[in-house]
Amino acid sequence: MMLMPKLFPFYLCFLRAHSIINENGKVKAVKFDKFTQENKFSLAGVQMKFSMKEKDGRYNLSKGNVLGDWIIKAPSTKHKFVPLNEYTAMSLAGLVGVDIPEIKLVELDKLDNLPQINLPDEKQAFAIKRFERADDQRIHMEDFAQILVKHPHEKYRSANYENIGKVIYDFSGDGLADAQQFARRLLVNIFLANGDTHLKNWSLLYPDQITPRLSPAYNIVTTSVYIENETQYALNLGKTKEWYSVTMAHFQSWAEKSGIPWRAIKPHLDDTLNKARGLWPDALNKLPMNDDHKEGLRNHWNKLQNDFKIETLN
Ligand SMILES: Nc1ncnc2c1ncn2[C@@H]1O[C@H](COP(=O)(O)OP(=O)(O)OP(=O)(O)O)[C@@H](O)[C@H]1O
Ligand SMILES: [Mg+2]
């Protein structure tokens, strides 16, 4: 973990509390909480992911030394039209200034050499360009469960967006720009009713192999259309997780607790909000999300606090 030497003194307290190495240096058993929300919306097992190499519009499962340049996420046997949902949510995010990789919907018959898997009666998979690849080389990347030294099953707990914001601001090669981008994404994920923004859905990338930067965004999905009565995002922001209570004041508290100047964040949130209000109602009509899911998203916009409400004519 490349960030560890720099972070070690700062995160010593977390390490002591959660390390599987006890104070005598012996390995101890770690209790796994039966009621962890690890599988809240995890599509593991129901939505297969493949690393594939693209050539002339066809995608081949990457094997041996060949590095895949796309992640292909097949449709889910449990939840309907997840590829269309993820494509739409990521596209909406891109429209309001979120840095997203190249994405596509790919016809399933363009995927070669897939293993025998159960697929629902849907035609398209979601494809996202791998951003930790350049010229067939790997670029180092760490997610925030790794950075904050958490077990994967702790990804919905044990940290908050202030912890992530502080690491980004203090350690990124461009702390201010990345903190501004992080704030924008936090707001966008609230707007898009993505309840799955846990620690492993945020990463730092080392484009020059030395300096950490916030990675492009990935795995933005309107999860609320699959989870009945979902009202929360994944981690605390200004002490709340509630989509329908969160306001600008929580973001101000988040910035202050993260040690990021609020005056440098507020204009980015205002810009995100203005763009979402101006662009999304029309864009959503045109994007390929399932119609019931679109309706669910519009209802969500209508339930947000006045600070954040997005009006639609439909
Ligand atoms: N475009 C990308 N480039 C590089 N790595 C990526 C990209 N998209 C996703 N990843 C990595 O692959 C992992 C799994 O992808 P993703 O989060 O989209 O899948 P998921 O199964 O929906 O995740 P979850 O476990 O959050 O339900 C991510 O946590 C991230 O580490
Ligand atoms: Mg994920």
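None of these values were measured; they are calculated from a predicted model. (Residues numbered from 1 in each chain as written. Chains lettered and ligands numbered in written order. Predicted model: local features only at pLDDT ≥ 70, side-chain atom pairs only at ≥ 80, totals over all residues.)

Caption draft 1: Spotlight on the environment of His198. Counting through the fold element by element, His198 comes out in the loop between α6 (175–191) and β10 (203–205). In the structure, His198 is positioned 41 residues away from Arg157 in sequence and 8.2 Å away in space, judged by C-alpha atoms. Leaving out residues up to four positions away in the same chain, His198 has contacts with Lys155, Tyr156, Ala234 and Leu235. (Helix = DSSP H or I, 4+ residues; strand = E, 2+ residues; numbered from the N terminus. Contact = placed C-beta atoms within 7 Å.)

Caption draft 2: Highlighting the confidence of the model for the chain. Residues of the chain with pLDDT of at least 70 account for 85%, and the chain-wide mean is 87. A low-confidence stretch, residues 4–39 (pLDDT under 50), is modelled with 19 contacts involving residues beyond four sequence positions or located in other chains. (pLDDT = per-residue confidence, 0-100.)

Caption draft 3: A look at the sheet that holds strand β4 (residues 103–107). One open sheet accounts for six strands, arranged β4-β6-β3-β1-β2-β5; its pairing is mixed. Two strands in the sheet have a free side with no partner beyond their single neighbour: β4 and β5 (111–112). With two bridges joining them, strand β2 (residues 58–61) and β5 adopt parallel strand pairing. Paired with Tyr59 across the bridge in β5 is Leu111. Packed onto the sheet, helix α3 (residues 82–95) meets β3 (70–73), β4 and β6 (124–129) and runs at close to 40° relative to β6. (Pairing = 2+ DSSP bridges. Axes fitted to C-alpha atoms, helices over the stretch in contact; angles between N-to-C directions.)

Caption draft 4: Main features of unusual backbone geometry. Despite not being glycine, Asp136 shows a phi value in the positive range, around 60°. Tracing the backbone through its elements, the reader meets Asp136 in the loop between β7 (133–134) and β8 (137–138). Its identity as a non-glycine residue notwithstanding, Ala193 has a phi of 55°, on the positive side. Here Ala193 lies in the loop between α6 and β10.

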